[in-house]
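# An overview of the molecular structure
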Amino acid sequence: MNFTVLSAIFRRDFISYFSSPTGYLFICAFVFMSATATFFPPDFFNNNLANLDQLTRWMPAIMLLFIPAITMSSWAEERRQGTDELLLTIPATDIDVVLGKYLAALAIFTVSLLFSMFSIFLIFAYGLGEPDWGLFACTFFGYWLVGGSLLSVGMVASFLTRNLTVGFVVGMLFIAPFALAGVADWVVKDPATAQLISRWSVAHQFQDFQRGVISLAGVSYFVILTIVMLYLCMVLIGRRHWGTGEEGDSRWGHYFARFAALVLIAGGLNVILSNYDLLRFDATAEKINSLSDSTSKMLADLRKNDEVKPITVDVFVSPKVPSEYAAQKLDLLGTLREIESRSDGKVRANVYEVETFSPQAQTAEQSYGIEPQQVNTTVRGRPDSDEIFMGLAVTSGLDKVVVPFVDKGISPEYELVRSIMTVADAKRKRVGVVSTGVNMFSEFSMQGPSPKSQIITELEKQYEVVQVDPSEPITDTFDVLLAVQPSQLTPDGMNNFLDAIKRGQPVAIFEDPLPTLWPGAVATGEPNVQGGGPMAMFGGGGQEVPKGNLDALWDLLGVRLLGSSGSMFGGPRTIDVVLQDYNPYNQYRAFFTNQFVFVDEGLASTDDVTPFNPESEIAEGMRQVLFLRPGAILNDEAPNREVTALCSTGTSTVTAPYTALQRFDPNDALQVDEKQYTNKSYLMAVAVEGEIEADADLSLKAPGDLGSEADDSKDDVPLEKRPLKAVVVSDIDCLGDAFFFLRAQGDRGDGMPELTFQNVSFVLNVLDWLAGDERYIDLRKRSRAHRFLTGIDRATQDYRTQFQEVEKALGEEAEASIETARSEQTDALDKLAARTDLTAEQKSFLERQIRARIGTKVENKVKQLIDERDKEIRQAQRTLEQQIAGEQNKYKRWALLLPPIPPILLGLYVFFHRRTREREGVSKRRLRFLSEEDKK
């Protein structure tokens, strides 16, 4: 390789491009289109993310126009001017010529890209937001690789013609398959074929760089494409030698075979690197693309397991989603890509961007039951709603896990990894749900079918869930038993339940002194009344069913609820409820009364307690769990029992009998004074481990034998030690459907603080720990932070505040006017009642007239005031939207005006610099346009 010739060709082509105004015109067009594609699409401000996703979407189209503009003159101009023979006769090889021209074109593109990057960075730095500069740098590095590979494709077109226009058009035709293959589904109707074509597109291979990841597979694709196309250029430039050989023009077949072999080798190498893409670097500052350690370990185990069948992940997402779901979509697709790249080909991902009424939507619904979900959004400060897809289905062989919707409050990494590992497992673990009378499964009644509880739906994504009838001996073995309000069990049911625990069955027990969110649940101290309708517990009929001996359960575990000591059958039983004066949400002070007990990390500093046990795998890293009118767990310190605290209250607590509270009214705060505060911290949940001495033939005993007085004769029965593993939680409301809804909802985007309850994670952690499947405990606690357009938010926050104040003032004014109008009727009726000169019949007649006359007047006045208020609010809403649009348009104007300025200034500098250099050493008498004084 002759580097002197190579550098000479490079300098010649590079300088000639910047010596013509046409070059600067193309650069101005490129930076203008780039800035416009970044800031002008509505999705940029709607998504509210400080990234370059909109530019990435339009970059293939921009490249389709700009790359041929650079490469059209690479060889066509040489042939047009006749300088190609000069190049081919200099002492240089074909590779010197091709590389010299390619590097010149790459340098021109690099300068153009730097101008674009500088202008976009400047607009962001002006105050639009605080972007992740690592993400930006990685994205522009990806643009550089894309442009470099497409330049080699455009050069092939230039080597085929001597006409610039033809070179430009042919270059577009050659680049189009690479640039437009990402939208193959526009033409190809078969989803599988469209996915296959899309995988070889520039857009698909660029996805890693778009998310801020530099991957070996992504870099290799563009480098390999560049090498293959440059080799083809060398073949085309070297064809001048073919006619002088013995074989003549027959070398076309020879070089075609060589080129085809090179393409196959390059394609195979790219497939291998894509499936075994182990070299990946997350360049983002927040590490939003990095998988957790637990996920990496599970994927490593998956790669080593040769028995795992291929796993397919089909993701159905809407092309456009509201701003509240933009980050969630980004996380979902990014995490899926990371998992696929690190699975060594075990996981295959298919992403379908589905319109609501498209054929793909019908396929998603019929095959997997995935339907578009109605979501609440905010558009320019105004509440709105939309229907979007964001579901996934994971299949492996005959096993399948479907997640109908990955809501914004749910970790996509958790949902993906759990679903993948569930179908990869040879056999799912089993959860037995004891039927205690609390309605957790779907049931039919006179009012229609009741829905399945969310906790059961969630468990079915990971476990085989079995409903267990405790009226019969529990002979099956489960990985964990779940008992919600076991105090409702009958004596036989309680004995069978105790039998299962004594056999070493791990068990999760949720017992609540005063359930609120479960209408079918009976409080621990209340009689178990069945039948007679919902009012049976208030004396509305029904038959009382005896309860099992709950104390036998507490004696077995070595713990009990506060106030639950004493005989169950000796009269009314007093169960205490714990109240706590602590609320981490000041904005919700009126709603969260002292009956809402927060176990919150903030208690560590305010009350000097340890709310979550850092030594427990269940509670480590937890931040906040909400219990509603819970009990308190006491440790009996029984022998061979190790009781571990999981979570505890603060010290600003009060205990009260459950009878002091309204059954279904948790918002009615119980009034207490300072003297009633116990200044104690109470246990809300504990883990119990130890050993039980149980009968060897325990599983063969009749249901009524255990715990009965007839057991005195079993002294001669041999005993053996069984393991005890249980978790006791003093509240069942903590696993209610409301917490699943709040978890899915995430940040509502209405300016109010996000309710960060981790009840769902806590309950699932409990069951996973008991079942011995602790792979997802750490994963549930992980969250990712994206950078947003904080500049827009700050600039428009004042406008939103003003609108809220106007809306509030108008509402108060309307209410005051309505109250004034209504008081007129009240005054008239009072005056009528005070008259003594009228009979009762006359007063009744006049009262009806007054009510009819003034009532109509009040009704009309109310309607008028409401209409006026709504009109003013709509006007304020329009003003708000205009103000927000004005802030957005300010940055759009900068995107129009700023980008072309740097290349124009560079062009002016080069022009005047060249003019100055041209006049150096020239006699002043020969210079034109000089004054006589200058000539002298």
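Residues numbered from 1 in each chain as written. Predicted model: local features only at pLDDT ≥ 70, side-chain atom pairs only at ≥ 80, totals over all residues. Heavy atoms only, no water.

## Structural notes on the overall build of the chain
For the chain, the helix and strand inventory stands at 29 helices and 23 strands. Out of the 936 residues belonging to the chain, those deemed buried represent 49%. Put simply, of all contacts in the chain between residues at least 6 apart along the chain, 77% involve residues at least 24 apart. A total of about 44500 Å² of accessible surface is found on the chain, and carbon and sulfur atoms cover 55% of it. (Helix = DSSP H or I, 4+ residues; strand = E, 2+ residues; numbered from the N terminus. Buried < 20%, exposed > 50% of the residue type's maximum accessible area, 1.4 Å probe, protein only. Contact = heavy atoms within 4.5 Å. Areas by Shrake-Rupley, 256 points an atom, 1.4 Å probe, with all protein chains shown as cover.)

## So, the environment of G432
The topology assignment puts G432 in strand β9 (residues 430-434). In this structure, the C-alpha to C-alpha distance between G432 and V466, residues 34 residues apart in sequence, is 4.9 Å. If near-sequence neighbours (up to four positions away) are discounted, G432 is found in contact with V466, V468, F478, V480, L481 and L482.

## Some words on the nonpolar core
Counting 98 residues, the largest nonpolar core has M440 and F762 as its most contacted members. With 9 residues, the single largest contributor to this core is helix α24 (residues 759-771). With 78 residues, the next largest nonpolar core counts V5, W75, L230 and L898 among its residues. (Core = buried A, V, L, I, M, F, W, Y, C linked by side-chain atoms within 4.5 Å.)

## Concerning the environment of S292
Among the secondary structure elements, S292 is positioned in the loop between β2 (280-282) and α15 (293-304). Of the residues examined, S292 reaches a relative accessible area of 11% and is grouped as buried. Sequence spacing of S292 and R782 is 490 residues, and the spatial spacing of their C-alpha atoms is 7.9 Å. For S292, the residues in contact, after removing those within four places along its chain, are E413, L779 and R782. A distance of 3.2 Å separates polar atoms of two side chains, one belonging to S292 and the other to S294. (Polar contact = N/O pair within 3.5 Å; in protein donor to acceptor, adjacent residues only side chain to side chain.)

## Let's talk about unusual backbone geometry
The backbone phi angle of Q485 is positive, close to 60°, even though this residue is not glycine. Its location among the elements puts Q485 in the loop between β11 (480-484) and α20 (491-502). On the accessibility criterion, Q485 (0% relative accessible area) is buried. Positive phi, close to 50°, is recorded for R629, a residue that is not glycine. Considering the arrangement of structural elements, one finds R629 in the loop between β18 (624-628) and β19 (633-635). Residue classification places R629 among the buried positions, given a relative accessible area of 0%.

## Considerations on the pairing of strand β4 (residues 347-353)
Pairing between strand β3 (residues 311-317) and β4: 7 bridges, direction parallel. Along β4, the bridge assignment pairs T312 with R348. (Pairing = 2+ DSSP bridges.)

## Thoughts on the packing of helix α2 (residues 21-39) against helix α28 (residues 901-919)
For the pair α2 and α28, interaxial distance at closest approach is 9 Å and the crossing angle is 165°. In terms of orientation, α2 lies roughly antiparallel with respect to α28. Handedness of the α2/α28 crossing: right-handed. Of the residues in α28, those in contact with Y24, I27, C28 and V31 of α2 are P903, I904, L906, G907 and V910. Of the residues that constitute the contact of α2 with α28, the class distribution is 8 nonpolar, 1 polar and no charged. (Axes fitted to C-alpha atoms, helices over the stretch in contact; angles between N-to-C directions. Parallel < 35°, antiparallel > 145°, perpendicular 65-115°, else oblique. Left-handed = near helix turned anticlockwise from the far one by under 90°. Nonpolar A, V, L, I, M, F, W, Y, C, P; charged D, E, K, R; others polar.)

## Side note on the confidence of the model for the chain
Mean pLDDT for the chain: 81, with 83% of residues reaching 70 or above. The spread of mean pLDDT over the elements of the chain runs between helix α29 (residues 932-935), the lowest at 53, and strand β12 (residues 507-510), the highest at 97. Overall, residues 531-541 carries pLDDT values under 50, and its contacts beyond four positions in sequence, including any with other chains, amount to 16 contacts. Contacts of residues 699-717 to residues separated by more than four positions or lying in other chains number 20 contacts, the stretch itself having pLDDT below 50. (pLDDT = per-residue confidence, 0-100.)

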